[in-house]
Amino acid sequence: MPVAIVTGAAGLIGAETCRSFAAKGLAVIGVDNDMRSYFFGPSASTDWARQRLESDIEGYRHVNADIRDEDAMEQLFAAHGTDIEVIVHAAAQPSHDWAAKEPFTDFSINAQGTLVLLEKFRIHCPKASFIFMSTNKVYGDRPNSLPLIENESRWEVDPDHPFAEHGIDETMSIDQSKHSLFGASKIAADIMVQEYGRYFGLNTACFRGGCLTGPGHSGAMLHGFLSYLMKCAITGDAYTIFGHKGKQVRDNIHCSDLVNMLWHYHQAPRIGEVYNAGGGRFANCSMQEAIAICEQIAGRKMNWSYSDDNRSGDHIWWISDTRKFQNHYPDWQYTMTIHQTLEEIHSDFVGRLQAAV
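What comes next concerns the included structure. Quick caveat, the model's predicted, so the values are computed rather than measured.

Notes on the pairing of strand β4 (residues 84-89)
Consecutive residues of a regular strand have side chains that alternate between opposite faces of the sheet.
Then step 1. Extensive coverage of β4 is indicated by the burial of 5 of its 6 residues.
Then step 2. As paired elements, strand β1 (residues 3-7) and β4 share 5 bridges and run parallel to each other. Bridge pairing in β4 links Val6 to Val88.
Then step 3. Sheet topology places β4 next to strand β5 (residues 129-135); 4 bridges connect them, and they run parallel. Its bridge partner lying in β5, Val88 is registered against Ile131.

Spelled out as structure tokens, the structure:
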């Protein structure tokens, strides 16, 4: 039976990948050691998601191991060898703020851990697909140099600019901008994934995600924008907007739409590819707009405040141009709007709260 190895299996994208790929007939092995609880505290633990996977997916196998552990990864890959058909690498230290606290930890997870996986892939299952969840933070703060116009509730790019209609494409430079240490460690991994594809002729792809979202997210203040925002809307916890008048724009792609992108790539893999992967013009919002939607769905005003101190390197406006991927895989399409996604997040979080009582 063909095998899929999914790292960060209990995270948002990892868990959705496990469910989706298992439903398509693959034997799924998830690798996750709940480092998210170390990064962001017990409330951000993904252990509940691991339990769901083990309960919901027949034959699912969970490996509680660190991707930096070469011996553990060697044992895993050697045990399955050429039965491994696809590796989806979604494990990461995901916060640019947290990376500055422990740079060595951040780099070792994001860069070294990726290298460990690439080597095991090259040695044991070189005909497989290696799919890496990268990030739009590889572009650093260069998007902030775009000609931006302030509207009532959001920033927008000058309509005469080439990126205005469809968003930012893969031609944007990653050089000479402020990335955060997180962005730098993800660049190292991103380039290495590309290089294993081009140098060794392997099927590798980097998906440079915008905001990735959905009901399976363990949202925390430092990571998981829409999930954490809705959590605060429901519980009444305080939420702080950092800078840019709350008009900063993010595109948000539902985890199911993103994982469907990964599946399409795996069906016809290409060597050393790079794709921007976000909600694009189909699904995006500013902070102000997201708060208004959350208040509408939750049926209450949010307890939010504003700070002029924007996060270092934070994007003022980001919308992904996904036309390159859509040209390569024309059967893929978006399905989930911002409003639909937030309604799903609300329903899931309320259900978990009720189950915990």
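A short note on the environment of Leu117
Then step 1. Inspection of the secondary structure assignment puts Leu117 in helix α6 (residues 103-124).
Then step 2. You can call Leu117 buried: its relative accessible area is 0%.
Then step 3. With 48 residues separating them along the chain, Leu117 and Asp69 place their C-alpha atoms 9.8 Å apart.
Then step 4. Setting aside chain neighbours within four positions, we find Leu117 in contact with Thr7, Ile67, Met73, Phe77, His89 and Phe130.

Let's talk about the pattern of salt bridges
Where charged atoms from two side chains of opposite charge approach closely, those side chains can pair.
Then step 1. All chains considered together, the criterion is met by 19 salt bridges.
Then step 2. Close ionic contact of Glu150 with Lys245 constitutes a salt bridge, the shortest N to O distance being 3.1 Å. Remark: Lys245 occurs in the loop between β10 (239-242) and β11 (249-254) and Glu150 occurs in strand β6 (residues 148-150); sequence separation between them is 95 residues.
Then step 3. By relative accessible area, Glu150 is classed as partly exposed at 34%.
Then step 4. Assessed through its relative accessible area of 46%, Lys245 is described here as partly exposed.
Then step 5. The residue Glu150 makes a salt bridge to Lys247 at a minimum N-O spacing of 2.8 Å. A residue pair is termed long-range when its members are at least 10 positions apart, and Glu150 in strand β6 and Lys247 in the loop between β10 and β11 qualify at 97 residues.
Then step 6. On the accessibility criterion, Lys247 (10% relative accessible area) is buried.

Rules used throughout
- Residues numbered from 1 in each chain as written.
- Predicted model: local features only at pLDDT ≥ 70, side-chain atom pairs only at ≥ 80, totals over all residues.
- Heavy atoms only, no water.
- Buried < 20%, exposed > 50% of the residue type's maximum accessible area, 1.4 Å probe, protein only.
- Helix = DSSP H or I, 4+ residues; strand = E, 2+ residues; numbered from the N terminus.
- Pairing = 2+ DSSP bridges.
- Contact = heavy atoms within 4.5 Å.
- Salt bridge = Lys/Arg side-chain N within 4 Å of Asp/Glu carboxyl O.

Don't take any of this as a statement about function, it's just geometry.
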